[in-house]
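Take a look at the letters that make up each chain.
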Amino acid sequence: MIARRHFLGAGLALPAIRTAAAQAPGSATDWPTRPVRVIVPFPPAGSTDVMTRIYAEQLQQRLGQNFVIENRPGAGGNIGMDAIAKSTPDGYTLGMATIGQFSINQFLYSRMPWDIDRDFAAVALTYELPNVFIVSSQHCPARSLGEFIEWARARPQGISYGSPGVGTTAHLSGALFTHRLKLNAEHVPFRGAAQITPAMLAGDLTCAIDNLASYIPIIQEGRMRAFAVTDAERWPNLPEIPTMAEAGMPDFVITSWAAMVAPAATPRPVVDRLNAALKTIVEDEAMRKRALQAGTKLLWSTPEDAVARGRGERPMWQEAVRLTNARAD
């Protein structure tokens, strides 16, 4: 979870996720003429909520209307996404969807109230958070990922890895990691980093592969040791931490990311104006620095590229769900 104080103080036709028909009526020149509702499908104070509020503040400055946040949490984001899907497609209801809604939930839930390919218009990618492999400095003697793997294999009782819940990227990342290395491992779900941290510091939990943003302070304090980040490149503000590939785990690039969405059939001119405004936010150097300090990287993309990323990552997450037999119903 991104700490609010860190951020506020410091030619291919893709059928998936409709990117708003170009012929749809609507004018980019007169939108928005009234406040815009932005649905966050998660509780307040989490990373999605904090990032959405930052974007809403910036959009308000650029587009001259209030962007009002409405939290609609529940069922892994399904409740809020359903509310977005069923809203009038006029540009006055938007939402922030994460990798869970784009690429994972359809494999976790036997019944989905909405269809990511049918019911939404992608606007743009907005941000991503790499995961980081962490252990307690006091309770784990290993000082590198390679040493950790050897140490874990020698433990007759095996290891445990924590996550903020079943089906999260932390859970599935841990499953992919331990399966690939054939480690004897048990998944322990928590409610979030606030519960994972004390369990690890007490020696009740071996490790976690969770969002970097949640652990930056405690890594810098030295109470947790970070073996690798799951991004393709080292994190700029923590350059001493190698990537998973550099640490000996190739093809292990896993980030949590989000994109702004609207109901399907939202007029394309509105989507394009919103997309252009989001681009100016990402191009703001001060915004990028604030994001990096909080463990977040700002993104921008075309609507089509947001669709492509969601589709491209589904096979990996489908396999992870299969390996874990995870169900969220």
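Residues numbered from 1 in each chain as written. Predicted model: local features only at pLDDT ≥ 70, side-chain atom pairs only at ≥ 80, totals over all residues. Heavy atoms only, no water.

Caption draft 1: Just helix α4 (residues 99-108), in detail. In terms of burial, α4 is a largely internal element, nine of the ten residues being buried. Residues of α4 that are buried: Ile99, Gly100, Gln101, Phe102, Ser103, Ile104, Asn105, Phe107 and Leu108. In this fold, the buried residues of α4 make contact with α3 (78-85), β3 (93-98), α6 (169-180), β9 (255-263) and α11 (303-324). (Buried < 20%, exposed > 50% of the residue type's maximum accessible area, 1.4 Å probe, protein only. Helix = DSSP H or I, 4+ residues; strand = E, 2+ residues; numbered from the N terminus. Contact = heavy atoms within 4.5 Å.)

Caption draft 2: Representation of the packing of aromatic side chains in the model. The full count for this structure, using the stated rule, is nine aromatic pairs. Measuring from centroid to centroid gives 5.7 Å for Phe148 and Trp151, while their planes differ by 50°, and the two rings are tilted. Taken together, the residues Phe148 and Trp151, both in helix α5 (residues 145-153) and three residues apart, mark about one turn of the helix. You can call Phe148 buried: its relative accessible area is 0%. One aromatic cluster is present, formed by Phe133, Phe148, Trp151, Phe177, Phe227 and Phe252 through successive ring pairs. The ring of Tyr92 carries Arg34 above its face, with NZ or CZ at 3.8 Å from the centroid. Sitting above the plane of the Trp300 ring, Lys279 keeps its charged end 4.9 Å from the centroid. (Phe/Tyr/Trp six-rings, centres within 6.5 Å; stacked < 30°, edge-to-face > 60°. Lys NZ or Arg CZ within 6 Å of the ring centre and 35° of its normal.)

Caption draft 3: Representation of the packing of helix α2 (residues 47-63) against helix α9 (residues 268-282) in the model. For the pair α2 and α9, the least separation of the axes is 10 Å and the interaxial angle reads 110°. Taken together, the axes of α2 and α9 are roughly perpendicular relative to one another. Of the two elements, α2 crosses α9, and the hand of that crossing is right-handed. On α9, the residues that touch Tyr55, Gln58, Leu59, Arg62 and Leu63 of α2 are Arg273, Leu274, Ala277, Leu278, Thr280, Ile281 and Val282. (Axes fitted to C-alpha atoms, helices over the stretch in contact; angles between N-to-C directions. Parallel < 35°, antiparallel > 145°, perpendicular 65-115°, else oblique. Left-handed = near helix turned anticlockwise from the far one by under 90°.)

Caption draft 4: Main features of the nonpolar core. Phe133, Leu145, Phe148 and Phe177 are the most contacted members of the largest nonpolar core, which has 51 residues in total. Filtering out sequence-adjacent residues up to four positions away, Phe133 remains in contact with Leu145, Phe148, Phe177, Cys207, Ala208, Ile209, Arg225, Ala226, Phe227 and Ala228. (Core = buried A, V, L, I, M, F, W, Y, C linked by side-chain atoms within 4.5 Å.)

Caption draft 5: Broad picture of the side chain of Thr52. The topology assignment puts Thr52 in helix α2. Assessed through its relative accessible area of 1%, Thr52 is described here as buried. Excluding residues within four positions of it along the chain, Thr52 makes contact with Val38, Val40, Ile69 and Met96.

Caption draft 6: The pattern of salt bridges, seen in detail. Enumeration according to the criterion identifies 18 salt bridges in this entry. Two residues, Glu70 and Arg37, come together in a salt bridge whose shortest N-O distance is 3.3 Å. With Glu70 in strand β2 (residues 67-71) and Arg37 in strand β1 (residues 36-40), this residue pair connects regions lying 33 residues apart in the sequence. Glu70 sits in the partly exposed class, given a relative accessible area of 23%. Salt-bridge contacts for Asp231 lead to Lys297; the nearest nitrogen and oxygen are separated by 3.0 Å. Remark: Lys297 occurs in strand β10 (residues 297-298) and Asp231 occurs in the loop between β8 (224-229) and β9; sequence separation between them is 66 residues. According to the relative accessible area criterion, Asp231 is buried, its value standing at 8%. Residues joined by salt bridges that share partners form a network here, namely Glu128, Asp231, Lys297, Arg309 and Glu313. (Salt bridge = Lys/Arg side-chain N within 4 Å of Asp/Glu carboxyl O.)

Caption draft 7: Quick peek at the side chain of Glu128. If you trace the backbone, Glu128 turns up in strand β4 (residues 120-136). The class of Glu128 is buried, set by a relative accessible area of 7%. In terms of polar contacts, Glu128 uses its side chain to reach the side chain of Thr255, at 2.8 Å. Side chain to side chain, Glu128 and Arg309 meet in a polar contact 3.0 Å long. Dropping the residues within four chain positions of it, Glu128 is found in contact with Thr255, Ser256, Trp257, Thr296, Lys297, Leu299 and Arg309. (Polar contact = N/O pair within 3.5 Å; in protein donor to acceptor, adjacent residues only side chain to side chain.)

Geometric descriptors of this kind do not, in isolation, establish any biological role.
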